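Inside the fold
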Amino acid sequence: MHAGYRGRGYPQYYRGKWVVELTTISALILTYNEEDNIEDCLKSLIWCNEIIVIDSYSDDQTVEIARKYTDKVYQRIFDDFASQRNYGLDKVSSEWVLVIDADERVTYELKEEIQQVLLAPQAEAYKIPFRNYFLGKWIRYCGWYPDYHLRLFKKEKARFVNKVHEKVDIKGDINKLSAAIDHYTYKSISQFIRKTDYYTTLAAKEMYLQGKQFNIFNLIFNPVWRFIKMFIVKRGYKEGIYGFILSVLYFFYAFLKYAKLWDIKNNGGK
């Protein structure tokens, strides 16, 4: 079991004076068959007061590994990301929440920055930059760095919305942190293709439910623009073959999303 946030209730030196830190923080993680990732993720979170894991009934060792680090492991049938994360928020007992995925790691520098910021918060939420890794390489271009995501916020001020690319609806001010989360996104091309099939299906269904109309322009030009934006505008060419492959794969992602929207509409919403 993790020891919790070691600074809680003890004097901390901040801006020239000693203060007593009373703010608490919980980490919230969604999992499904993440036995290869979850332990390193949890190790990077042992400084938190509480770790909440919401598992979608994994059939590998994810739950068993998670329970070595926290007794707050819950299982829920997955319907969409926003609902899953909101279910997790309802389990959180701390004032602040840090949202993390199993393939992400909180760096030492980020832990230190969060602990200092929470001594005297200047906002209700904070965006965190990501260092995204593709096939083991940190991608600095393609629009992948700094890739800010809103991941730290007061529980009472937040709720998740959107089914696929869920986001946090925040009531209050939002600032940015400087230290990063390491995100080990795609370890192989095959993994990218598997995830692309899954996420483009969800994205197409969400567009259909939102009443978005299919047109041939989006099917043709959105994928082309995605490639141009990543490889040329965002200077993905500086990543060499990694940048080229990544840009082509996202061309494929954009094409599939709109092709699946056409397929859903063509089949009466099925």
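Because the structure is predicted, anything quoted here is derived from the model rather than measured.

Summarising burial for strand β15 (residues 181-186): five of the six residues are buried, a large majority. Note: strand β7 (residues 104-106) against β15, three bridges, orientation antiparallel. In the strand pairing of β15, R105 is matched with D182. One ladder, built from five bridges, connects strand β9 (residues 130-134) with β15; its direction is parallel. Pairing of F130 across the sheet is with I181, part of β15.

Across all of its chains, the model carries 17 aromatic pairs by this definition. An angle of 70° between the planes, with centres 5.2 Å apart, marks the rings of Y198 and Y199 as edge-to-face. An aromatic cluster of three or more residues is present, and its members are F134, W144, Y186, F192, Y250 and Y253. The ring of Y242 has K137 sitting right over it, with the charged end atom 5.8 Å from the ring centre.

Right, let's talk about the sheet that holds strand β5 (residues 73-75) for a bit. Read from one edge to the other, the open sheet built from seven strands follows the order β5-β4-β3-β6-β11-β8-β14, with strand pairing classed as mixed. Each edge of the open sheet carries a strand with a single partner, namely β5 and β14 (174-176). Within this sheet the neighbouring strands show an average axis-to-axis angle of 25°, counted without direction. As paired elements, strand β4 (residues 50-55) and β5 share three bridges and run parallel to each other.

Now for unusual backbone geometry. Omega for the peptide link from Y145 to P146 comes to -10°, which places this bond in the cis form. In this fold, P146 is placed in the loop between β10 (137-138) and β11 (149-154). One non-glycine residue, N33, lies in positive phi territory at about 50°. Along the chain, the position of N33 falls in the loop between β3 (25-31) and α1 (38-43). The class of N33 is partly exposed, set by a relative accessible area of 29%. The backbone phi angle of C142 is positive, close to 65°, even though this residue is not glycine. Overall, the relative accessible area of 4% leaves C142 in the buried class.

Conventions we followed
Residues numbered from 1 in each chain as written. Predicted model: local features only at pLDDT ≥ 70, side-chain atom pairs only at ≥ 80, totals over all residues. Heavy atoms only, no water. Buried < 20%, exposed > 50% of the residue type's maximum accessible area, 1.4 Å probe, protein only. Helix = DSSP H or I, 4+ residues; strand = E, 2+ residues; numbered from the N terminus. Pairing = 2+ DSSP bridges. Phe/Tyr/Trp six-rings, centres within 6.5 Å; stacked < 30°, edge-to-face > 60°. Lys NZ or Arg CZ within 6 Å of the ring centre and 35° of its normal. Axes fitted to C-alpha atoms, helices over the stretch in contact; angles between N-to-C directions.

Function-wise, these values are silent; they only describe arrangement.
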